[in-house]
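The chain contents come next:
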Amino acid sequence: MLSKRIIPCLDVRDGKTTKGIKFKENIDIGDPVEMARFYYEEGADEIVFYDITASSDRRDIMIDVVRRVAEEIFIPFSVGGGIRTIEDMRQVLLAGAEKVSVNTAAVHNPKIIAEGARAFGSQCIVLGMDVKKVGASRKIPSGYEIVIHGGRTYTGIDALVWAKEAENLGAGEICLNAIDADGTQQGYEMALTPLISENVNIPVIASGGAGDIDHIYYVLTRGKADAALVASIVHYGTYTIRQIKDELHARSVKVRMRW
Amino acid sequence: MVAIIDYKAGNLMSVECAVKKLGFSCCVTRSAEEVRGSESIIFPGVGAAGEAMVNLRDLGLDKVLKEVFEVHKPILGICLGAQIILEASQENDVQCLGIIKGDVKLFPRPLFSEENNRLKIPHMGWNGIHVRKSHPVLKGIMPADEFYFVHAYYPLPALDDYVIGTTGYGIEFPSIIGYENLIAVQFHPEKSGRAGLRILRNFCTWDGGYAE
């Protein structure tokens, strides 16, 4: 049986992580390679890097980070943020990332999912979805709408429709980010996650809102998520990945316990 | 020298990084001479069976692989490389290398877990292995170790004797197969943390025999 995955997410700007690891003073907390290695050794099942570098001509800094991470950690990792073209994807994958995630670019140009899947395989292509609860309407039957620009722009696209379309186009996985829950540490968006996960045949990573192990437990069980993205809860040292996994294991969630 | 065969079937960077990290010298190559001259061979691959076979034939590497198998060089197949060593694949309905008798099957759909939950395909993520037969390449692997899988097809050797280990995902499928100096794993050891590195290290020091 597959294990549920615990995936720390690292935001990277100009080659430096934007949040440190509070409880680990002896490593360079700004270095994404060091942080990735730390989480790798702590039992992370995968790592997500999100490049928030504003300027696209500084992409080569991120490529260098990817290359150094690939030399140090031997679990899958994905890179998202600012991926707009097949060439962007190619650079990241050739530098050693297992997966690449597209978000805004796929909303503007859904074909990039199909082209990426054809060029590199579906298993490489993750669709990042930023979603806001808007209430059900004729235009948005699920009551969840796709937003871009960090939630400032509504797209008029229904989240469930988009998830299914992305699957048909060849996305291999969905990273489902509930914008309203993101950063609150008040729990994942519990209605949204099963709605998407039970209606597609590709894995869904729940993202946004993890503040307690209970939240992770619920999204992986009742929420039907295949994996849980964690950020503040591990970066701020509330829990270690080991503690999260121990607790999930004790509550009969299948997680990888030996690393 | 470990030769990592490059036949345009996916990114070999992580396999190369892992072997280097373990301290073994390796080369990523599509040269028949380099493959013949190496001590052992890693045969990786992601992507589709049909295109992989076309590329292997175009590069003449299909013959080279059979040849190095015959002269008892240790070979490690990974993922797609663990599939196209069989005779035929349901994926693209293609004839494969036929080093091991058997074929490659698509997971049945719909697929359900023991708890009757619908299982997604591809089988992607971390899963365990049930070792049926001890093998030098699996030395030190513990029952709780898990490995990273990404696949929709699985290898099904004609003889049960070739099955070294299995994995459960709706069905119990062969995830490690072996025959003489060939060992093949459906998962990605290069992405499977310490347990995966252990398998790679065991392989890089394996002489292709079965003596402990």
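Residues numbered from 1 in each chain as written. Chains lettered and ligands numbered in written order. Predicted model: local features only at pLDDT ≥ 70, side-chain atom pairs only at ≥ 80, totals over all residues.

*Asks:* Is there a simple way to explain the overall build of chain B in this structure?
*Replies:* When helices and strands are tallied, chain B shows 6 helices and 16 strands. Against the 2.2 N^0.38 benchmark of 17 Å for 212 residues, chain B shows a C-alpha radius of gyration of 16 Å, consistent with a compact globule. Overall, chain B is about 50 × 35 × 30 Å in size when its C-alpha atoms are taken along their principal axes. Within chain B, buried positions represent 52% of all 212 residues. (Helix = DSSP H or I, 4+ residues; strand = E, 2+ residues; numbered from the N terminus. Rg over C-alpha atoms; globule rule 2.2 N^0.38 Å. Buried ≥ 20, exposed ≤ 12 C-beta atoms within 10 Å, placed from the backbone.)

*Asks:* Help me understand the nonpolar core in this model?
*Replies:* Across soluble globular proteins, you tend to see nonpolar side chains buried next to one another. One finds Ile-7, Ile-174 and Ala-228 of chain A to be the most contacted residues of the largest nonpolar core, which totals 152 residues. Residues contacting Ile-174 of chain A, with those up to four places away along its chain left out, are Leu-127, Met-129, Ala-163, Ala-166, Ile-196, Val-200, Ile-202, Val-204 and Ile-205 of chain A. (Core = buried A, V, L, I, M, F, W, Y, C linked by C-beta atoms within 7 Å. Contact = placed C-beta atoms within 7 Å.)

*Asks:* Which parts of the structure should I look at to understand the pairing of strand S2 (residues 26-29) of chain B?
*Replies:* For a regular strand, side chains alternate in direction, first toward one face of the sheet and then toward the other. With 4 bridges connecting them, strand S1 (residues 2-5) of chain B and S2 of chain B associate as parallel partners. Following the sheet pairing, Ile-5 of chain B is matched in S2 of chain B by Thr-29 of chain B. (Pairing = 2+ DSSP bridges.)

*Asks:* Even after reading the chapter, I still don't get the interface of chain A and chain B, so can you show me in this structure?
*Replies:* It is common to give the size of an interface as the accessible area lost on bringing the parts into contact. Taken together, the contact pairs 24 residues of chain A with 29 residues of chain B. Every element with two or more residues in the side of chain A that touches chain B is listed here: helix H2 (59-72) and helix H3 (86-94) of chain A. Of the residues that constitute the side of chain A that touches chain B, the class distribution is 12 nonpolar, 5 polar and 7 charged. (Nonpolar A, V, L, I, M, F, W, Y, C, P; charged D, E, K, R; others polar.)

*Asks:* Can you help me understand the sheet that holds strand S7 (residues 102-106) of chain B in this one?
*Replies:* In any sheet, the strands associate via hydrogen bonds between backbone groups, in a parallel or an antiparallel arrangement. Residue and element names in this part refer to chain B. Read across the sheet, 4 strands follow the order S6-S5-S7-S13 without closing on themselves; strand pairing throughout is mixed. Strands at the two margins of the open sheet, each flanked by one partner only, are strand S6 (94-95) and strand S13 (153-157). When strand S5 (residues 88-89) meets S6, the two strands line up antiparallel, connected through 2 bridges. Opposite Ser-89, over in S6, you have Val-94 as the bridge partner.

*Asks:* Any chance you could explain the environment of Asp-45 of chain A here in plain terms?
*Replies:* Examined against the element boundaries, Asp-45 of chain A turns out to sit in the loop between helix H1 (32-42) and strand S3 (47-51). On the basis of neighbour counts, which here come to 26 C-beta atoms within 10 Å, the residue Asp-45 of chain A falls in the buried class. Sequence-distant contacts of Asp-45 of chain A, defined by excluding residues within four places in its chain, comprise Arg-5, Ile-6, Ile-7, Ile-75 and Arg-256 of chain A together with Trp-126 of chain B.

*Asks:* Help me out: how do you make sense of helix H5 (residues 111-120) of chain A in this one?
*Replies:* Residues spaced three or four apart along an α-helix point in a common direction, a consequence of the helix completing one turn every 3.6 residues. Residue and element names in this part refer to chain A. Within the sequence span of H5, burial applies to Ile-112, Ile-113, Gly-116 and Phe-120. Mapping the buried residues of H5 onto a view down its axis gives an arc of 105°, with all of them on the same face. Facing away from the buried side of H5 by over 90 degrees, the exposed positions are Lys-111 and Arg-118. On its buried face, H5 is in contact with H3, strand S5 (99-102), helix H4 (104-108), strand S6 (125-133) and helix H6 (159-169). Positive backbone phi, approximately 100°, marks Gly-121, located one or two places after H5. (Arc of directions from axis to C-beta.)

*Asks:* What should I look at first to understand unusual backbone geometry in this one?
*Replies:* Residues and elements named next belong to chain B. Cis geometry is adopted by the peptide bond preceding Pro-110, which originates at Arg-109 and carries an omega value of -5°. Along the chain, Pro-110 turns up in the loop between S7 and strand S8 (111-112). The phi angle at His-72 is positive, at roughly 65°, despite the residue not being glycine. The topology assignment puts His-72 in the loop between helix H4 (61-70) and strand S4 (75-78). The phi torsion at Cys-79 lies on the positive side, around 55°, for a residue other than glycine.

*Asks:* Just to check I follow, could you spell out H4 of chain B for this structure?
*Replies:* All names here are of chain B. Looking at H4, one finds that the buried residues are Leu-61, Val-64, Leu-65, Val-68 and Phe-69. In a view along the axis of H4, the buried residues occupy a sector of 135°, so they form one face of it. For H4, the secondary structure elements touched by its buried residues are S1, helix H2 (32-37), strand S3 (40-43), helix H3 (49-58), S4 and strand S16 (182-185). Downstream of H4 by a residue or two, His-72 has a phi angle that is positive, lying close to 65°.

*Asks:* What am I meant to see in the sheet that holds strand S15 (residues 171-179) of chain B here?
*Replies:* Residue and element names in this part refer to chain B. The 8 strands lie next to each other as S2-S1-S3-S4-S16-S15-S14-S11, forming an open sheet whose pairing is mixed. Each edge of the open sheet carries a strand with a single partner, namely S2 and strand S11 (130-131). In terms of strand pairing, strand S14 (residues 163-169) meets S15 through 6 bridges, oriented antiparallel. Along S15, the bridge assignment pairs Gly-165 with Ile-176. Where helix H1 (residues 13-21) meets the sheet, it contacts S1, S2 and S3, and its direction lies at approximately 165° from that of S2. (Axes fitted to C-alpha atoms, helices over the stretch in contact; angles between N-to-C directions.)

*Asks:* How should the packing of H1 of chain A against H2 of chain A be read in this particular structure?
*Replies:* For any two helices packed against each other, the geometry is given by the interaxial angle and the distance between the axes. All names here are of chain A. In contact at an axis separation of 9 Å, H1 and H2 are set at 30° when each is read in the N-to-C sense. Viewed along their axes, H1 and H2 adopt a mutual orientation that is roughly parallel. In this structure, the crossing between H1 and H2 has a hand that is right-handed. Between H1, through Pro-32, Val-33, Ala-36 and Arg-37, and H2, the contact on the second element is made entirely by Val-65, Arg-68, Val-69 and Glu-72. Of the residues that constitute the contact of H1 with H2, the class distribution is 5 nonpolar, no polar and 3 charged. (Parallel < 35°, antiparallel > 145°, perpendicular 65-115°, else oblique. Left-handed = near helix turned anticlockwise from the far one by under 90°.)

*Asks:* Sorry if this is basic, but what is going on with the packing of H3 of chain A against H5 of chain A here?
*Replies:* All names here are of chain A. H5 packs onto H3 with a crossing angle of 40° between their chain directions and a minimal axis gap of 10 Å. Overall, the two elements H3 and H5 adopt an arrangement that is oblique. As H3 runs across H5, the sense of the crossing is right-handed. Contacts from Ile-86, Met-89 and Leu-93 of H3 reach H5 at Glu-115, Gly-116, Ala-119 and Phe-120.

*Asks:* Where do I start with the confidence of the model for chain B in this structure?
*Replies:* The predicted coordinates should not be examined in detail at positions where pLDDT is low. Mean pLDDT over chain B: 95, with 99% of residues reaching 70 or higher. Prediction confidence for the complex, expressed as pTM and ipTM, is 0.95 and 0.94 respectively. (pLDDT = per-residue confidence, 0-100.)

*Asks:* Even after reading the chapter, I still don't get the environment of Ala-117 of chain A, so can you show me in this structure?
*Replies:* All names here are of chain A. Examined against the element boundaries, Ala-117 turns out to sit in helix H5. In this structure the C-alpha to C-alpha distance between Ala-117 and Leu-169, which are 52 residues apart in sequence, comes to 8.0 Å. The residues touching Ala-117, leaving out its near neighbours within four places in the chain, are Ser-122, Ile-125 and Gly-170.

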